[in-house]
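Here is what each chain is made of, one letter per residue.
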Amino acid sequence: MTPRAADRARYDRATAHLDAPVAVVDLEAFDDNAADLVRRAAGKPIRVASKSVRCRALLERVLARDGFAGVMSFTLAESLWLARSGFEDVLLAYPSADRGGYAELAADPKLAAAVTVMVDDPAQLELIDRARDGGREEIRVCLELDTSWQPLGGRVRIGALRSPLREPAQLAELARSVARRPGFRLVGIMAYEGHVAGVGDAVVGRPLRSRAIRVMQNAARKELAVRRAAVVRAVRAVAPDLEFVNGGGTGSVQHTAAEHAVTEIAAGSGLYLPRLFDNYSSFTGRPAALFAQPVVRRPGVGVVTVLGGGYPASGAAGPDRSPVPYLPEGLRYDPQEGAGEVQTPLLGSPADDLLIGDKVWFRHAKAGEMCERFDELQLIEGDAVTATVPTYRGEGRTFL
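A quick note: this is a predicted structure, and the numbers were derived from the prediction, not measured.

## With respect to the pattern of salt bridges
Within the structure shown, the criterion is met by 37 salt bridges. With a closest N to O distance of 2.7 Å, Arg286 and Asp32 form a salt bridge. With Arg286 in the loop between helix H12 (269–272) and strand E10 (289–300) and Asp32 in helix H2 (residues 27–41), this pair connects stretches of sequence that are 254 residues apart. Among the residues examined, Asp32 registers a relative accessible area of 38% and is labelled partly exposed. Connected through salt bridges with shared partners, the residues Asp146, Arg157, Arg166, Glu167, Glu223 and Arg227 form a single ionic network.

Structure follows, in structure tokens:
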């Protein structure tokens with residue numbers, strides 16, 4: 001029996017009493033992945049990206065481990081909810097236009113002490129001030145650095161379109177804007193190098209592309225390390241009490257941790273290890289989060305149909321955004337139908353061994369987005385479900 005076949009047998013036994021669709025997290029794999037992130041961070045604390053987990057119980061589990069500290073959230077409403085739930089260090093990773101949320105933040109000393117908001121434009125500071133509605137609490141602020149690699153004098157851009165702040169002088173000027181404005185305190189810098197952390201460099205069957213990605217990422221890392229250090233020096237000249245410099249992502253933990261200017265690493269997807277993180281040369285992990293769909297039809301030889309399963313991930317549309325049939329091994333989509341809204345035909349010889357009601361296990365393309373489809377996660381240890389915990393959705397929280 002292959003390791004994957006053994007996992008399938010465990011998951012089927014553990015969930016035999018549950019009807020599919022069902023979502024699970026293998027806690028042994030989850031914990032192994034957490035330990036590997038800590039090893040690669042080499043002593044620097046890891047801030048957990050909540051969008052990649054979307055389950056309070058599992059955020060609490062990983063934050064209880066040595067090597068993890070703080071949450072990186074994705075909306076202001078989520079940040080406030082987490083802070084009210086007892087999370088004491090929440091960094092909002094994206095600028096917000098949630099005026100009501102800012103009014104709550106400015107009026108509550110506990111929330112204001114726990115939540116740090118992201119800015120990359122003086123207009124965002126102005127929006128926050130207008131939203132205060134009489135609240136006088138000091139707002140903690142983090143500046144975001146554009147990490148994109150722009151060779152050939154900027155004629156080429158590789159990296160996400162995020163912050164407009166690229167050069168040390170630009171961040172220092174915004175830091176001065178924060179310092180001059182009453183009611184704000186600059187506490188951090190964030191720089192997410194998604195073109196390194198979120199792009200696999202060992203694509204199966206694509207050796208030339210993989211080599212080109214490695215060359216790009218090596219050059220991008222070197223350029224960013226120099227520029228990030230210069231940015232930190234420039235901002236610290238304005239705000240010497242800066243508390244943190246955040247960088248990285250699951251795919252670049254060890255490289256970012258090696259930079260002296262960086263004080264903490266962000267990571268989250270590596271805990272669940274979705275399919276987009278299979279193609280990395282620098283680390284391997286264990287798939288920890290899966291969902292199962294039930295077989296509802298057997299249309300013919302070598303074909304079964306499962307209920308639903310069309311759960312595409314965000315990002316540029318393409319085949320890599322679909323969940324992948326994972327267990328039993330050897331199933332594939334019908335290219336004419338793909339993953340369907342209500343039903344999904346699957347092809348391959350393993351189909352002939354599946355009966356009506358059997359489970360087919362899938363891996364989502366991205367991490368936390370799977371949780372937007374399920375109210376609960378079944379936590380598996382060995383071959384038993386040992387706990388059932390709600391996702392954000394299960395707690396009635398759909399932040400985006």
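## Section: unusual backbone geometry
Along the chain, Ala20 connects to Pro21 via a cis peptide bond; the corresponding omega equals 5 degrees. Mapped onto the elements of the fold, Pro21 is located in the loop between helix H1 (3–14) and strand E1 (22–26). Residue Pro328 is bonded to the preceding Leu327 through a cis peptide linkage, with omega at 0 degrees. Among the secondary structure elements, Pro328 is positioned in the loop between strand E12 (324–327) and strand E13 (332–333). Of note in the backbone geometry, Leu152 takes a positive phi value of approximately 55 degrees without being a glycine.

## A short note on the nonpolar core
In terms of nonpolar packing, the biggest core is built from 89 residues, with Leu58, Val141, Tyr272 and Leu377 touching the most fellow members. When residues of this core are assigned to their parent elements, the largest contribution, six residues, is made by H2. When residues no more than four places from it in sequence are discounted, the contact partners of Leu377 are Ala23, Val25, Cys55, Leu58, Tyr272, Met370, Cys371, Ala387, Thr388, Val389 and Thr391. By size, the runner-up hydrophobic cluster in this structure holds eleven residues, among which are Tyr11, Ala14, Val24 and Trp361.

## A look at the packing of H2 against helix H3 (residues 56–63)
Two numbers describe a pair of packed helices, the interaxial angle and the distance between the axes. Where H2 meets H3, the axes come as close as 11 Å, and the angle between the chain directions of the two elements is 45 degrees. In terms of orientation, H2 and H3 fall into the oblique class. Between H2 and H3 lies a crossing of right-handed hand. In this structure, H2 uses Leu27, Phe30, Asp31 and Ala34 to contact H3, whose residues at the interface are Leu58, Arg61 and Val62. Across the contact of H2 with H3, the residue classes tally to five nonpolar, no polar and two charged.

## A few points about the environment of Arg61
With respect to the helices, strands and loops of the structure, Arg61 is situated in helix H3. On the basis of relative accessibility, which here comes to 33%, the residue Arg61 falls in the partly exposed class. Spatially, the C-alpha atom of Arg61 lies 9.1 Å from that of Asp31, the residues being 30 residues apart in sequence. Beyond its immediate stretch of four places on either side in the chain, Arg61 contacts Leu27, Phe30 and Asp31.

## Brief notes about the packing of helix H5 (residues 99–107) against helix H7 (residues 122–131)
The geometry of H5 relative to H7 is characterised by a closest axis approach of 8 Å and an angle of 70 degrees between their N-to-C directions. Regarding the angle of H5 to H7, the classification is roughly perpendicular. Here H5 runs over H7; the crossing is right-handed. Facing Arg99, Tyr102 and Ala103 of H5, the residues of H7 in contact are Leu127, Ile128, Arg130 and Ala131. Split into classes, the residues belonging to the contact of H5 with H7 amount to five nonpolar, no polar and two charged.

What counts as what
- Residues numbered from 1 in each chain as written.
- Predicted model: local features only at pLDDT ≥ 70, side-chain atom pairs only at ≥ 80, totals over all residues.
- Heavy atoms only, no water.
- Salt bridge = Lys/Arg side-chain N within 4 Å of Asp/Glu carboxyl O.
- Helix = DSSP H or I, 4+ residues; strand = E, 2+ residues; numbered from the N terminus.
- Buried < 20%, exposed > 50% of the residue type's maximum accessible area, 1.4 Å probe, protein only.
- Core = buried A, V, L, I, M, F, W, Y, C linked by side-chain atoms within 4.5 Å.
- Contact = heavy atoms within 4.5 Å.
- Axes fitted to C-alpha atoms, helices over the stretch in contact; angles between N-to-C directions.
- Parallel < 35°, antiparallel > 145°, perpendicular 65-115°, else oblique.
- Left-handed = near helix turned anticlockwise from the far one by under 90°.
- Nonpolar A, V, L, I, M, F, W, Y, C, P; charged D, E, K, R; others polar.

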